[in-house]
Amino acid sequence: MSAALEVRNLTTRFDTRRGPVTAVNGVSFSVQPGRIMGLVGESGSGKSVTGFSILGLIDAPGRITDGEVLVDGTDLRSLSPDALRRMRGKHVAMVFQDPMMTLNPVLRVGDQMAMAVRVHDRVSKAAAWDRARKALETVGIPSPAERLKAYPHQLSGGMRQRVAIATALLHGPSVIIADEPTTALDVSIQGQILAEVRRLADETGTAIVWVTHDLAVVSSLADDISVMYAGRIVESGTTEEVLSAPRHPYTHGLIDSVPTRHAPGRELPQIPGSTPQLINLPEGCAFRPRCPRATAACAVQPSKSGETHFALCHHPLTEADR
């Protein structure tokens, strides 16, 4: 089966007064239809910029300098601006962290969703409203016909996020990029939305990239995990492989710092130091100054070790190290 989304050597740079900053550095991954890939890492690791780069939503002073982004075999980077706009929403869509980035506060939900339908399809307003109502039903919103008549401020945060997800689903896209869409929601609402997303991927075959810093979320949601650090993917594999047998010291540190893994009252393990500034990365492996396994060999950029489950590390962890 061919991948719904294939990213090859994607590189995004920001030209600043202090010099160029490479926020996404040679990122490559693929997502099969119906699978959810969790893109995980600390703040500043390049996760969100990767998501925006996939859809070509990088504004100056940023620019994509290299790579390919294939959706159903079509390279989005080779398209004209008009052709790219026709792909967005219909074939590849995005759910933002703040649903108010998607929703206009002065328009009814139904009007906004109907406009999103009619941008790509020549249908009547009534038909567009009916499709919007069905999309709200799909994401589990009760009384969808009434919700279409509401303004965004009349809905709860969880309801607005469901509307944003429903809007992304209007055209049955092959790929959805979700940029930490449940971060601001309480745990119970978050759980409901995650369950709906999992069901939608299984039923519709949509490939989803779920950008998050929360390992607990991806452990229950994602089929695969890619871990980012300083603009690079440093480990990738199935969720079970990565969480049960991490190979990169950074991934191991992230997992080890999850509170539920330790007895109450114990001090949580921490990764020493802090995320490096992208404008001043150390030579070789960017994680080297924080890594307990670092040696002189780490002053050279490592290559991948492993095939389906790989780590970008000179000294990947073994079973005896965990």
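Structure shown above.
My aim in this report is to walk through the structure given alongside it, one point at a time. Being a predicted model, the structure only gives us computed values, none of them experimental.

Cut-offs and rules
- Residues numbered from 1 in each chain as written.
- Predicted model: local features only at pLDDT ≥ 70, side-chain atom pairs only at ≥ 80, totals over all residues.
- Heavy atoms only, no water.
- Salt bridge = Lys/Arg side-chain N within 4 Å of Asp/Glu carboxyl O.
- Helix = DSSP H or I, 4+ residues; strand = E, 2+ residues; numbered from the N terminus.
- Buried < 20%, exposed > 50% of the residue type's maximum accessible area, 1.4 Å probe, protein only.
- Axes fitted to C-alpha atoms, helices over the stretch in contact; angles between N-to-C directions.
- Parallel < 35°, antiparallel > 145°, perpendicular 65-115°, else oblique.
- Left-handed = near helix turned anticlockwise from the far one by under 90°.
- Contact = heavy atoms within 4.5 Å.
- Nonpolar A, V, L, I, M, F, W, Y, C, P; charged D, E, K, R; others polar.
- Core = buried A, V, L, I, M, F, W, Y, C linked by side-chain atoms within 4.5 Å.
- Pairing = 2+ DSSP bridges.
- Phe/Tyr/Trp six-rings, centres within 6.5 Å; stacked < 30°, edge-to-face > 60°.

1. Here we look at the pattern of salt bridges
It is possible for side chains bearing opposite charge to pair when their charged atoms get close.
Then comes step 1: In this structure the tally under the stated criterion is 18 salt bridges.
Then comes step 2: Put simply, K134 and D130 hold a salt bridge, and the shortest N to O gap is 3.4 Å. Of the two residues, K134 and D130 are both situated in helix 4 (residues 125-138); the distance of four residues between them amounts to about one turn of the helix.
Then comes step 3: When the shortest N-O distance is used, the salt bridge between E146 and K149 registers 3.9 Å.
Then comes step 4: In this structure K149 comes out as partly exposed when scored by relative accessible area, which is 47%.
Then comes step 5: In the salt-bridge network here, residues are joined through shared partners; they are D130, R133, K134 and E137.

2. Structural notes on the packing of helix 3 (residues 109-120) against helix 6 (residues 157-169)
Then comes step 1: Packing of helix 3 against helix 6 leaves a shortest axis separation of 10 Å and a crossing angle of 20°. As summarised for this structure, helix 3 and helix 6 are arranged roughly parallel, according to the angle between their axes. Regarding helix 3 and helix 6, the two cross each other, and that crossing is right-handed. Between helix 3 and helix 6, the residues in contact are V109, M113 and A116 and V163, A166 and T167, respectively.
Then comes step 2: For the contact of helix 3 with helix 6, a count of residues per class yields five nonpolar, one polar and no charged.

3. Focus on the nonpolar core
One broad rule of soluble globular proteins: the nonpolar side chains tend to lie buried together.
Then comes step 1: One finds I36, M113, V163, I165, V197, W210 and Y250 to be the most contacted residues of the largest nonpolar core, which totals 57 residues.
Then comes step 2: Here this core gets seven residues from one element, more than from any other, and that element is helix 6.
Then comes step 3: Dropping the residues within four chain positions of it, I165 is found in contact with V95, V139, I193, V197 and L200.

4. Regarding the sheet that holds strand 9 (residues 224-229)
Then comes step 1: Taking strand neighbours across the sheet as the criterion, the eight strands line up as 6-7-8-3-9-10-12-11 in an open arrangement whose pairing is mixed. Of all the strands in the sheet, the pair left with one neighbour each is strand 6 (92-95) and strand 11 (304-305).
Then comes step 2: Across four bridges, strand 3 (residues 36-40) lies against strand 9 in parallel orientation. Of the residues in strand 9, the one forming a bridge with V40 is V227.
Then comes step 3: Where helix 6 meets the sheet, its contacts fall on strand 6 and strand 7 (175-179), and the angle it forms with strand 6 comes to roughly 175°.
Then comes step 4: Contacting strand 3 and strand 8 (207-212), helix 7 (residues 187-204) crosses the sheet at an angle of about 155° to strand 8.

5. What to know about the sheet that holds strand 2 (residues 19-31)
Then comes step 1: With antiparallel pairing, the four strands of this open sheet are ordered in space as 2-1-4-5. In the strand order of this sheet, the two ends are held by strand 2 and strand 5 (74-75), each with one partner.
Then comes step 2: Here nine bridges tie strand 1 (residues 5-16) to strand 2, and the two strands are oriented antiparallel to one another. Looking at strand 2, one finds that L5 is bridged to V31.

6. Regarding the packing of aromatic side chains
Then comes step 1: Enumeration over the complete set of coordinates arrives at four aromatic pairs.
Then comes step 2: Look at F52 and F96: their rings are 5.9 Å apart centre to centre, the planes differ by 45°, and that puts the pair in the tilted class. Of the two residues, F52 is situated in helix 1 (residues 47-54) and F96 in the loop between strand 6 and helix 3; the sequence distance between them amounts to 44 residues.
Then comes step 3: A relative accessible area of 16% means that F96 is categorised as buried.
Then comes step 4: Both rings, one in Y229 and one in F287, keep their centres 5.2 Å apart while their planes meet at 85°; by these two values the pair is edge-to-face.

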